[in-house]
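# Examination of the molecular architecture
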Amino acid sequence: MTNGNVTTVNEFFFLGFPGLGGLRFLLFFLILSAYTVTVFLDMMIIILVSTKQSLHSPMYLFLKNFLFSEMCLVTVIVPNMLPNMLHIIWMDGANVSIPGCIIQSYLFVSSGTTECYLLTAMSYDRYLAICKPLHYNTIMGQALQYFLIIFCWMLGFLLTLVTLSFVALLKFCDQHIIDHYFCDLAPFIDIACSDTSGLQIDIFVLSVPSVAIPFLLTVVSYVCISVAILKMPSMGSRKKAFSTCSTHLLVVGMFYGAVLINYFTPVRGHSVAINKLLSVIFTVVTPLFNPIIYSLRNQDMHAAIFSYVRRQK
């Protein structure tokens, strides 16, 4: 649409991964396979946690919600929305409406923010279990469990509404080609022809309650946990205590490592290909490894899986 000498853009064209040629079909099937395995493992763990009495504890209730939010995040990007990663790779680029792009960006950021809060709740649960074992059942009652879960989901999706309102007010002129494979916030800032200072301030301010504070609370929790473990009298008790939180600590490290590398390192000096590779790690690889880690390293999950397999034979 033309307004005077300015052409107003109604849709974007996403390049995806240009220059791959026939290799794009290999990339398509690799990402489709990774997505399928991710959803299968997430659903398997969610069903096990929901049905196995031995897994009916606060830690696994938080884990179930975390994996569901991660499944939402990867589904928003890979197969089920426009622009979706698989469609763009297969077609070697695709046109996407601006409203569809804004909706995808909102759901992606909201799911990621919810994950930050859920990881913090899981860290707090481990802190209580190891540092306050005598008061654990009293403090981490059913009321607190469900309050934390509802709080994580509501805050994750409500905070992002502010960002959505700024994005919805942006205007896009002439430039409509985006060298990416999904609607991240950075492309909006790069190609908008209206003032983006409000959006940039919003992103900076909201990164404090959505990323920085949850990260700091998680770090503080694990510092306290480490001190408590080191004070335990026997090696056996220290090893047992560490085993109850090592899996979660590994997932926390992977998640925040991917977030920091992808969103908080300077992009100058990085090629577009490197930036997209970092995004693939955050949106495809990390969600794949998280359920694998919980499946392989968690003894309770091992027992539940083996019990289910034996029952099926």
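Here the structure is a predicted model, which means the values were calculated and not measured.

### As for the overall build of the chain
The number of helices and strands found in the chain is 11 helices and five strands. Buried residues in the chain amount to 46% of all 313 residues. Excluding contacts between residues fewer than 6 apart, the proportion of contacts in the chain whose partners are at least 24 apart in sequence is 78%. Put simply, the chain shows about 15,700 Å² of open surface, and 70% of that area lies on carbon and sulfur atoms.

### Thoughts on the pattern of salt bridges
Counting across every chain of the model gives two salt bridges. With its nearest N and O atoms 2.8 Å apart, the salt bridge here joins Arg126 to Asp125. Here Arg126 and Asp125 have matching classes, each one buried. Lys276 is the salt-bridge partner of Asp179, the closest N and O atoms lying 2.7 Å from each other. With Asp179 in the loop between β5 (177-178) and α7 (185-191) and Lys276 in helix α10 (residues 272-297), the pair connects residues that are 97 residues apart, well separated along the chain. Exposure remark for Asp179: the relative accessible area of 33% places this residue in the partly exposed category. A relative accessible area of 6% means that Lys276 is categorised as buried.

### As for the sheet that holds β5
Taken in spatial order, the three strands make up an open sheet running β4-β3-β5, and their pairing is mixed. Only two strands of the sheet have a single neighbouring strand rather than two, namely β4 (94-97) and β5. Pairing analysis gives two bridges linking strand β3 (residues 11-14) to β5, with the strands arranged parallel. Paired with Phe13 across the two strands is Ile177, which belongs to β5. Helix α4 (residues 98-131) rests against β3 and β4 of the sheet, and its axis sits at about 80 degrees to β4.

### Structural notes on the nonpolar core
Membership of the largest hydrophobic core comes to 58 residues, with the highest contact counts inside it found for Leu63, Val78, Met85, Leu119 and Met301. Of all the secondary-structure elements, those providing two or more residues to this core are α1 (23-51), α2 (58-77), α3 (85-91), α4, α6 (142-168), α8 (197-230), α9 (235-263) and α10. Ranked by residues supplied to this core, first place goes to α2 with 12 residues.

### With respect to the state of the cysteines
Tallied over the full model, the rule gives two disulfides. The disulfide bridge from Cys101 ends at Cys183, spanning 1.6 Å between sulfur atoms. Here the disulfide of Cys101 and Cys183 is left-handed, its torsion about the S-S bond being about -100 degrees. Residue Cys101 is located in helix α4, and its partner Cys183 is located in the loop between β5 and α7; the two are separated by 82 residues in the primary sequence. Note that Cys173 is cross-linked by a disulfide to Cys193, the S-S spacing being 2.0 Å. Residues Cys173 and Cys193 share a disulfide whose torsion about the S-S bond is about 40 degrees; that sign makes it right-handed. With a gap of 20 residues between them, Cys173 in the loop between α6 and β5 and Cys193 in the loop between α7 and α8 connect regions that are remote in the sequence. Disulfide partners in the chain, listed by the sequence order of the bonded cysteines, are 1-3, 2-4. With no disulfide of its own, Cys224 lies closest to Cys131 among cysteine sulfurs, the gap being 5.8 Å.

### Examining the environment of Met301
With respect to the secondary-structure elements, Met301 resides in helix α11 (residues 299-312). For the pair Met301 and Tyr60, spaced 241 residues apart in the sequence, the C-alpha separation amounts to 9.7 Å. Residue contacts for Met301: discarding those within four places in its chain leaves Ile45, Leu48, Val49, Leu55, Tyr60, Leu63, Tyr294 and Ser295.

### Remarks on the UniProt feature "transmembrane region" (unreviewed entry) in the chain
Summarizing the sequence annotation, UniProt attributes the feature "transmembrane region" (unreviewed entry) to residues 25-49, 61-82, 143-170, 211-230, 242-265 and 277-296 in the numbering used throughout. Annotated as 93% helix and 0% strand, the span residues 143-170 places its first and last C-alpha atoms 42 Å apart. Between the end C-alpha atoms of residues 211-230 there is a gap of 29 Å, over a span that is 100% helix and 0% strand.

### Looking at the side chain of Arg24
With respect to the helices and strands, the residue Arg24 is situated in helix α1. No salt bridge is formed by the buried Arg24, whose closest oppositely charged neighbour, Asp92, lies at an N-O distance of 4.3 Å. Those residues in contact with Arg24 that lie beyond four places of it in its chain are Ile89, Trp90 and Asp92.

### Side note on the pairing of β3
Where burial is concerned, the two faces of β3 differ: the one with Phe12 and Phe14 is buried and the one with Glu11 and Phe13 is not. Judged from the four bridges that link them, β3 and β4 form a sheet pairing that is antiparallel. Residue pairing for β4: Glu11 is matched across the bridge by Ser97.

### Details of α2
Compared with the 28 Å implied by 1.5 Å per residue over 20 residues, the 29 Å span of α2 between its first and last C-alpha is a close match. Burial analysis of α2 places 17 of its 20 residues in the buried class, which makes it a mostly covered element.

What counts and how
- Each chain carries its own residue numbering, running from 1 in the direction its sequence is written.
- Residue-level local features of this predicted model are given only where pLDDT is at least 70; pairs of side-chain atoms are given and counted only at 80 or more, and the full residue set underlies all totals for whole chains, interfaces and linings.
- Only hydrogens and water are set aside; all other atoms, that is, all heavy atoms of the structure, feed into the side-chain values.
- A run of DSSP states H or I qualifies as a helix once it reaches four residues; a run of E qualifies as a strand once it reaches two. Both are numbered from the N-terminal end.
- Relative accessibility decides the category of a residue: with a 1.4 Å probe and only protein chains considered, values under 20% of the type maximum give buried, values over 50% give exposed, and everything between is partly exposed.
- When checking whether two residues touch, look at their non-hydrogen atoms; a contact exists if any pair is within 4.5 Å.
- Only the protein chains shown count as covering a residue, and every accessible area follows the Shrake-Rupley method with a 1.4 Å probe.
- The term salt bridge refers to a pairing of a side-chain nitrogen on Lys or Arg with a carboxyl oxygen on Asp or Glu at a separation within 4 Å.
- Two strands pair under a simple rule: DSSP has to find at least two bridges between them.
- Under this scheme, a helix contributes an axis fitted over its contacting stretch, all axes are lines through C-alpha atoms, and angles between N-to-C directions fall in the 0 to 180 degree range.
- Here, the term nonpolar core denotes a set of buried Ala, Val, Leu, Ile, Met, Phe, Trp, Tyr and Cys residues that are joined through side-chain atoms within 4.5 Å.
- The term disulfide is used for any two cysteine sulfur atoms that are within 2.5 Å.
- UniProt positions are given in the numbering used here, feature names are shortened, and annotations may be inferred rather than shown by experiment.
- When charges are counted, neither His nor the chain ends are considered; positive counts come from Lys and Arg and negative counts from Asp and Glu.
- Multiplying one less than the number of residues by 1.5 Å gives the expected span of a helix.

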